[in-house]
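Working through the structure, step by step
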Amino acid sequence: MTSMFFWISLAGMTAAAVLAVLWPLSRKPAFAVAAADGDAAIYRDQLAEIERDRARGLLAGTEADAMHTEVARRLLAASARTEPGASDAASLRRRRIASLLALLVIPVIALSLYLQNGSPERPDMPLAERLAIPLEQQDIGLLVARLEARIAQAPQNGQGWELLAGVYARIGRYEDSIAAHENALRLLGSSPARETAYGEVLTATANGTVTPQARAAFERALAKDPDFPAALYYYGIAAEQEGDRASARERWMRVIEKAPPNDPWRIPAARALQRTGGEK
């Protein structure tokens with residue numbers, strides 16, 4: 001019974017929406033008739049004025065006849081617009097046929113698409129069930145909500161904070177990402193990857209400037225792994241911003257020499273070398 005009511009309601013709402021749009025097309029525009037009536041009244045007044053001027057001798061006979069003929073012609077044309085002729089009737093008939101076809105065809109097409117791609121019998125999915133969908137099938141907003149819900153239930157989950165920090169950085173919520181990174185470092189401890197990710201977000205927050213706090217994070221990462229590519233690259237950026245291009249190029253060259261061939265940091269290091277006049 002509920003399903004039948006749903007389909008009846010859907011059909012009724014669709015028909016009402018289509019009818020509301022198409023109904024004006026099936027009628028002769030009222031403003032056009034009103035305009036024609038107004039023109040006709042003006043022309044009648046002009047004819048009367050011409051005859052009065054003729055009677056008072058203000059218009060010569062030939063001039064008055066010419067003016068009378070022209071205004072009469074315009075009066076006939078305006079009068080014709082107020083009455084539906086054959087062409088108007090045919091146009092009105094075509095509009096009504098098009099409206100009727102649209103009223104029937106549009107709901108049928110919409111229903112076919114819904115039956116093919118929709119899920120009319122599927123119940124509503126609560127938020128808790130949507131959050132249980134695998135990560136790769138979620139949009140970024142839902143992913144954030146899922147991770148935040150997990151962290152709220154287990155605030156000591158360091159891996160959750162680490163994952164949430166990366167997602168925050170991806171959508172530009174840098175301040176939130178910084179806080180999440182700090183929680184991950186506190187709970188999981190320092191590592192080259194965590195320190196570099198933390199420093200990278202600090203740099204992004206400062207519009208690309210390696211702040212002292214970010215520099216310290218890169219230094220901690222390099223203390224654990226002197227050849228960690230991402231930390232070396234940003235450490236080179238810090239040296240360049242301080243005016244020490246020689247040290248910057250030396251660090252970028254180490255990225256190219258030490259990083260594996262498929263490491264993504266080799267490309268920005270090579271570009272930085274080119275920008276500063278060093279060798280690739």
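All values reported here derive from a predicted model rather than from experimental measurement.

Quick word on the overall build of the protein chain
A count of helices and strands for the protein chain gives 13 helices and 0 strands. If you list the helices and strands of the protein chain from N to C, you get α-α-α-α-α-α-α-α-α-α-α-α-α. Long-range contacts, defined here as pairs at least 24 residues apart, represent 50% of the contacts in the protein chain between residues at least 6 apart. Total accessible area on the protein chain is roughly 17,500 Å²; 59% of this is exposed by carbon and sulfur atoms.

Quick look at the packing of aromatic side chains
Evaluation of the coordinates by the stated rule reveals 4 aromatic pairs. Ring centres 5.5 Å apart and planes at 65° place the aromatic pair Tyr 234 and Trp 265 in the edge-to-face group. Taken together, the residues span a long stretch of sequence, with Tyr 234 in helix H11 (residues 229–241) and Trp 265 in the loop between helix H12 (245–258) and helix H13 (266–275) at a distance of 31 residues. Note on Tyr 234: relative accessible area 12%, which makes it buried. Connected via pairs of aromatic rings, a cluster forms that spans Phe 218, Tyr 233, Tyr 234 and Trp 265. In this structure, Arg 251 packs its charged tip against the face of Tyr 235, placed 3.9 Å from the ring centre.

Overview of H11
The terminal C-alpha atoms of H11, which comprises 13 residues, lie 19 Å apart, in line with the 18 Å expected from a rise of 1.5 Å per residue. Burial within H11 is extensive, with 12 of its 13 residues counted as buried. Taken residue by residue, H11 has Pro 229, Ala 230, Ala 231, Leu 232, Tyr 233, Tyr 234, Tyr 235, Gly 236, Ile 237, Ala 238, Ala 239 and Glu 240 as its buried positions.

Some points on the pattern of salt bridges
Throughout the structure, instances matching the rule amount to 8 salt bridges. Ionic pairing is found between Glu 148 and Arg 173, a salt bridge with its closest N-O pair at 3.6 Å. Of this pair, Glu 148 sits in helix H6 (residues 140–153) while Arg 173 sits in the loop between helix H7 (158–170) and helix H8 (174–188); the two residues are 25 residues apart in sequence, bridging distant segments of the chain. In this structure Arg 173 comes out as partly exposed when scored by relative accessible area, which is 32%. Here Glu 162 and Arg 194 are joined by a salt bridge, their closest N and O atoms 3.2 Å apart. Of the two residues, Glu 162 sits in helix H7 while Arg 194 sits in helix H9 (residues 192–205), which places them 32 residues apart along the sequence. Salt bridges linked by common partners bring Glu 148, Arg 173 and Asp 176 together as one network.

Comments concerning the side chain of Thr 276
Here Thr 276 lies in the segment after H13. For Thr 276, the side chain forms a polar contact with the main-chain oxygen of Leu 273, separated by 3.2 Å. Here Thr 276 is in contact with Glu 240, Arg 245, Arg 249 and Trp 252, once residues within four sequence places are set aside.

As for the environment of Asp 263
For Asp 263, the location among the structural elements is in the loop between H12 and H13. For Asp 263 and Pro 229, which are 34 residues apart along the polypeptide, the C-alpha to C-alpha distance reads 8.1 Å.

As for the packing of H12 against H13
Look at H12 against H13: their axes get within 9 Å of each other, and the N-to-C directions meet at 145°. In terms of crossing hand, the pair formed by H12 and H13 is left-handed. In contact with Arg 249, Trp 252, Met 253, Val 255 and Ile 256 of H12, H13 contributes Arg 266, Ala 269, Ala 270, Ala 272, Leu 273 and Arg 275. Class assignment of the residues belonging to the contact of H12 with H13 gives a composition of 8 nonpolar, no polar and 3 charged.

Analysis parameters
Residues numbered from 1 in each chain as written. Predicted model: local features only at pLDDT ≥ 70, side-chain atom pairs only at ≥ 80, totals over all residues. Heavy atoms only, no water. Helix = DSSP H or I, 4+ residues; strand = E, 2+ residues; numbered from the N terminus. Contact = heavy atoms within 4.5 Å. Areas by Shrake-Rupley, 256 points an atom, 1.4 Å probe, with all protein chains shown as cover. Phe/Tyr/Trp six-rings, centres within 6.5 Å; stacked < 30°, edge-to-face > 60°. Buried < 20%, exposed > 50% of the residue type's maximum accessible area, 1.4 Å probe, protein only. Lys NZ or Arg CZ within 6 Å of the ring centre and 35° of its normal. Expected span 1.5 Å × (residues − 1). Salt bridge = Lys/Arg side-chain N within 4 Å of Asp/Glu carboxyl O. Polar contact = N/O pair within 3.5 Å; in protein donor to acceptor, adjacent residues only side chain to side chain. Axes fitted to C-alpha atoms, helices over the stretch in contact; angles between N-to-C directions. Left-handed = near helix turned anticlockwise from the far one by under 90°. Nonpolar A, V, L, I, M, F, W, Y, C, P; charged D, E, K, R; others polar.

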